[in-house]
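Notes for the structure review
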Amino acid sequence: MNANALLECLQSIGHFGHIVSTEEQIVLQNSLLVLQNENHFRNVFFWGKILGADKDYYVAYGYVKDALHGNIFYYSNNGINWGLLPQPTKNGLLLTPLCTTSLQGDPALIIDVLIEKDETSIEETLRAAQIRKLKEEDRLASLVRIICSEAAVAPRGVNFQRPDGVIVENLAFEGLSALEAREFSSFLHARPPTQKYNTNLLTRDDYNYAMDFLDPLDIDIPEGSWIIQILAGDSIVLLKSLFWPGLVFYHFLKTPRHGFVYIGNGKRCIDVPFMLSPFA
Amino acid sequence: MLFGYSVTQNAGEAAEELPNNEAEFFNAKTFLQTASGNTGDNLYDHLTEVLNRILAERPENVIDFFEEYSRKVKERRYRPLTDRLEDCYITPAAFELASHMLRALRPLPAPAPSTLDPEDLELADMSRNNLLEMLFYLEQAGLGLPRPEMVFVMLSMRQLVAAKPIASIRFWGKVLGTFQNYLVLEAELKEEEYVRRNEEFAEQTAQLPSAPMSQLDEALAHLSLAGEGATSKVPRALPAEPQIHFLPPAEAPMEPSGVGLNKKAYFVCPGIGEPWTELPDVSPQQIRVARQIHKAFSGRLDTPIQTHPEFPGQERHLLRAQIARISSATLVAPLGFYTFGAEELGEGAEEEEEEAAGGEPKTVYSPNPHYQPPALKDLLDSSMSFWVHTAPYILPQGRTSWWNPGPDLEGAGDEEDEGEQLGEEEQEEEPKATRVEPESGPPLLTPLSEDASLETTNPWTVRPTASVLDMFSLAVVRSNLWPGGHALATPTSGFYNVYIGDGLKYMQTNFTPLPLPAVQQEYPVGPEVLEVLDPSGQEEEQWRIDHLPKPKPQLGEGGEEAEPEQEEEEEDEEEDDED
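Now for a look at the structure at hand. (Residues numbered from 1 in each chain as written. Chains lettered and ligands numbered in written order. Predicted model: local features only at pLDDT ≥ 70, side-chain atom pairs only at ≥ 80, totals over all residues. Heavy atoms only, no water.)

1. Let's talk about the overall build of chain A
To keep things clear, this is the line we draw: A run of H or I in DSSP becomes a helix once it reaches four residues, and a run of E becomes a strand once it reaches two; helices and strands are each numbered from the N terminus. Radius of gyration: C-alpha atoms only; globule rule: 2.2 Å multiplied by the number of residues to the exponent 0.38. Per-residue accessibility, obtained with a 1.4 Å probe over protein chains only, is compared with the maximum for each type, and a residue is labelled buried under 20%, exposed over 50%, and partly exposed between these values. The contact definition used throughout considers only heavy atoms, calling two residues in contact when any of these lie within 4.5 Å.
Across its full length, chain A carries six helices and 14 strands. Compactness check: chain A gives a C-alpha radius of gyration of 19 Å against a globular reference of 19 Å for 280 residues, within 12% of the reference. Overall, the C-alpha framework of chain A stretches about 55 × 45 × 40 Å when taken along its three principal axes. Burial analysis of chain A (280 residues in total) assigns 56% to the buried set. The long-range fraction of contacts in chain A, counting pairs at least 24 apart against all pairs at least 6 apart in sequence, stands at 56%.

As structure tokens, this is what we get:
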């Protein structure tokens, strides 16, 4: 969510009830502009809030040149003093999905993570259950990376790939129409693409080399793990991921205003297959 | 030449004045103005239009997305300027929304003239239902719905109060679904309405068992007759149909309207302009199954719920069950706001009948007129001893008051002793008649500090809403077991309880569906139906040798002994061949 859009978040993400509170709006909007200035960011965004047991984390990011690959993340406990979020480590990415406890709010905290003997998500085979250490700062970094890669969304046409490969924000983006907003293929994963470029390109009839380089949302399984709701008299579309409860994407139709924000406890909901109706 | 036309039309003239600017310009312009064979457009006009637009709009860094810009200009050319089929000034959905809103904004119709004193009409008190004031506080806590939605809820509350027999009403929250969401209102109906409903319910249940059973019997009789007619010639008569001796365990009865979990009625509505639907009362069975399943709401009340422990009902019943569970867990108030001061006059005689414990725990409380809000420091205390539960605990049985499933199924409190004596007499016949340990839960207005924590998760988190403007800070409590359940203490109007979430309980370790029950035995498994391996020839031979009669003490002739062996071996071989 753009730093300037924070002030009107009640009208956008408020449809799903959880917003940035009045005081946080003022604090974050100003501190993010300062952050942008200090880091020479071309644009700065509020990423979201992860609720901890003792304290909450605020996460923000900005980019200097490339709007997709060049994101630099910052985190804060109070919304004023921002610290650089480290790059996620291999260990962190491995252990974060295995953590069952909620975050505490202390970045220096080191927790023990139990790996069961027959854990399938790790590559190596273990002879016995293992306990490994994980620093909360690394956990936060991995969590942000994982959520970004699974649930960050941009409407089609917002990210524009220049012939030199750099991705910029498309200033000519005029917004989706109500008809386009009903289709999952109008929304793209805001992450480096995982499919081959021609796969993503050729799934559309009206393909465009500069815009269809990202993975569309309709490749996600199971079907129904994304929720689209067009509300307020076809003026806004909201997307929600069932896998990451708390992540909300909004886009005011026919305008370039869009963004996503995550306000949640940082737990992936893996019960989605049970939650969906089997014969819907 | 690469191009399909000749640049120089008159080679002789061009050769005379070689650097002829005008001719070059003319040639280039002609080329650019060549109409496309496909669309009839030409590049010259397009470039003019693009440049014209760029100069008029002056976008920044236009070179980065020039292609896009050019495409947009081209696209616009094919868009009709006016839709000649229908004049569409705003989108139909926006128009619909606006007209719904206007309808809700209309003043209420004048009440029908009645002889009653206006004070006796007893319209519900709306003084605590200023949702815009509530929104002001909620926004500080990081919650909130769009303002039009809040205004709509407020307006429709006003209409509901006038149209239905409602004694008190409040905004309960919002349950998010996949297709639509539910706005939820919680209302307490008037006493006479509850009485009327219970009488209606009693009439219905009295009629129910007779009619459908007789129909079923009739149908069965027809079936069997038809079957006999067709198969009477078959020599063997069919054996008697097996009787089912299994009796399902007695089901705890529903709490009557106005008692326990059905004390409040709930109204839901999917969004602005939609009508409000009242949810049905909840049964203990629905509560118990709702605990075992994990299902997202779709937003349509008629959706069937297909889950493994079969849920008795549709989505409206599941929604009602979840609302009951959420209310029971997350309705909290600051300590001292309510007291048990009032007498329990509200409970009627017919309610007492159902209660096994005979009104032992107090179920009625009233606002404390001498309420002093606790200090913010106390409210923010993480031990949570300054917040109390205001909704009754739901027993594992699925009711708030325990129902005795003992020998007499109508187990009323007064008859309990008799039932027990009966049970003792008949103990040999019915082992089920042993006394069941009554379930009990914490009483009302118990501090939250008594709550059990779920493994390592604290059930509650309390935060101040402001850290900078701390003199205006409020205390907000959020439930970690029911993400989305919030309570907020305000300096003026006491407190607010709101739930905004997807209606699912938090599970630290993820949801595990109930395993399927073991496959039932069709018939007793004995040696005659067990499948065993046939013995091999060698084994049979061994067995025969082992079981041979003891050789007689006198020596017989070898020839006689050898003969049966050979015979048997031949038989074995035959058997093997058959296999």
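2. Considering the packing of helix α10 (residues 284–292) of chain B against helix α11 (residues 315–330) of chain B
Residue and element names in this part refer to chain B. Defined as follows: Note on geometry: axes are lines fitted to C-alpha atoms, helical ones only across the stretch in contact, with angles between N-to-C directions running from 0 to 180 degrees. Orientation labels follow simple angle bins: below 35 degrees gives roughly parallel, above 145 gives roughly antiparallel, 65 to 115 gives roughly perpendicular, and whatever is left gives oblique. Each residue is assigned to one of three groups, with Ala, Val, Leu, Ile, Met, Phe, Trp, Tyr, Cys and Pro labelled nonpolar, Asp, Glu, Lys and Arg labelled charged, and all others, Gly among them, labelled polar.
At a closest axis distance of 9 Å, the pairing of α10 and α11 adopts a crossing angle of 85°. With respect to α11, the axis of α10 lies roughly perpendicular. Along the contact surface, α10 presents Gln286, Ile287, Ala290 and Arg291, while α11 presents His317, Leu318, Ala321, Gln322, Ala324 and Arg325. Its residues assigned to classes, the contact of α10 with α11 shows five nonpolar, three polar and two charged.

3. Topic: the interface of chain A and chain B
Keep this limit in mind: The term buried area means the drop in 1.4 Å probe accessible area that two parts suffer when joined, counted for both and summed. We call two N or O atoms a polar contact when they sit within 3.5 Å, provided that within protein one can donate a hydrogen and the other can accept it, with sequence-adjacent residues counted only if both atoms are side-chain atoms.
Contact residues are listed per partner, giving 49 residues for chain A and 55 residues for chain B. Summing both sides of the interface, chain A and chain B together bury roughly 4200 Å²; the carbon and sulfur share of this comes to 51%. One can count 19 residue pairs in polar contact (both at pLDDT 80 or more) joining chain A with chain B. The set of elements that each furnish at least two residues to the side of chain A that touches chain B consists of α1 (9–12), α2 (22–39), β11 (226–231) and α6 (272–275) of chain A. Among the elements that make up the side of chain A that touches chain B, the one with the highest residue count is α2 of chain A (four residues). Residue composition of the side of chain A that touches chain B, grouped by class: 21 nonpolar, 17 polar and 11 charged.

4. A look at the pairing of strand β14 (residues 258–264) of chain A
All names here are of chain A. Stated precisely, the cut-off is as follows: DSSP calls a pair of strands paired once it identifies at least 2 bridges connecting them.
With six of its seven residues buried, β14 lies for the most part within the structure. Sheet analysis places strand β1 (residues 43–50) next to β14, joined by three bridges and oriented parallel. Its bridge partner being in β14, lysine 49 is matched across the sheet by isoleucine 263. Summarising the sheet, strand β13 (residues 247–252) and β14 pair through five bridges and their orientation is antiparallel. Within β14, the residue paired with leucine 247 across the bridge is tyrosine 262. What sits between β13 and β14 in their antiparallel hairpin is a turn of five residues, with lysine 254 showing a positive phi close to 65°.

5. What about helix α2 (residues 21–32) of chain B?
We count it as follows: The length a helix should cover is 1.5 Å for every residue beyond the first.
Under the 1.5 Å per step criterion, the end-to-end length of α2 of chain B is 16 Å for 12 residues, consistent within 8% with the ideal 16 Å. Between the side-chain oxygen at the start of α2 of chain B and the backbone nitrogen of glutamate 22 of chain B there is a gap of 3.2 Å, and the oxygen is on asparagine 20 of chain B.

6. Digging into the sheet that holds β1 of chain A
All names here are of chain A. As summarised here, the arrangement of the eight strands in space is β4-β3-β2-β1-β14-β13-β12-β11, forming an open sheet in which the pairing is mixed. Each edge of the sheet is formed by a strand with only one pairing partner; in this case those strands are β4 (83–84) and β11. With two bridges joining them, strand β3 (residues 71–76) and β4 adopt antiparallel strand pairing. Counted as the bridge partner of tyrosine 74 is leucine 84 from β4. Along the sheet, α2 makes contact with β1, β2 (57–63) and β3, crossing β1 at roughly 135°.

7. Here's the deal with the sheet that holds strand β9 (residues 460–464) of chain B
All names here are of chain B. Judged by pairing direction, the sheet is mixed, and its eight strands sit side by side in the order β4-β3-β2-β1-β12-β11-β10-β9 without closing on themselves. The outermost strands of the open sheet, each flanked by one partner alone, are β4 (277–278) and β9. Packing against the sheet, helix α8 (residues 191–207) makes contact with β2 (182–189), β3 (265–269) and β4, and its axis sits at approximately 95° to β2.

8. Quick notes on the environment of aspartate 112 of chain A
Residue and element names in this part refer to chain A. Along the polypeptide, aspartate 112 turns up in strand β5 (residues 110–115). Separated by 17 residues in sequence, aspartate 112 and leucine 95 have C-alpha atoms that sit 9.7 Å apart. Not counting the four nearest positions on each side in its chain, aspartate 112 is found in contact with Ile131, Arg132 and Lys133. At 2.8 Å, the side chain of aspartate 112 and the side chain of lysine 133 are in polar contact.

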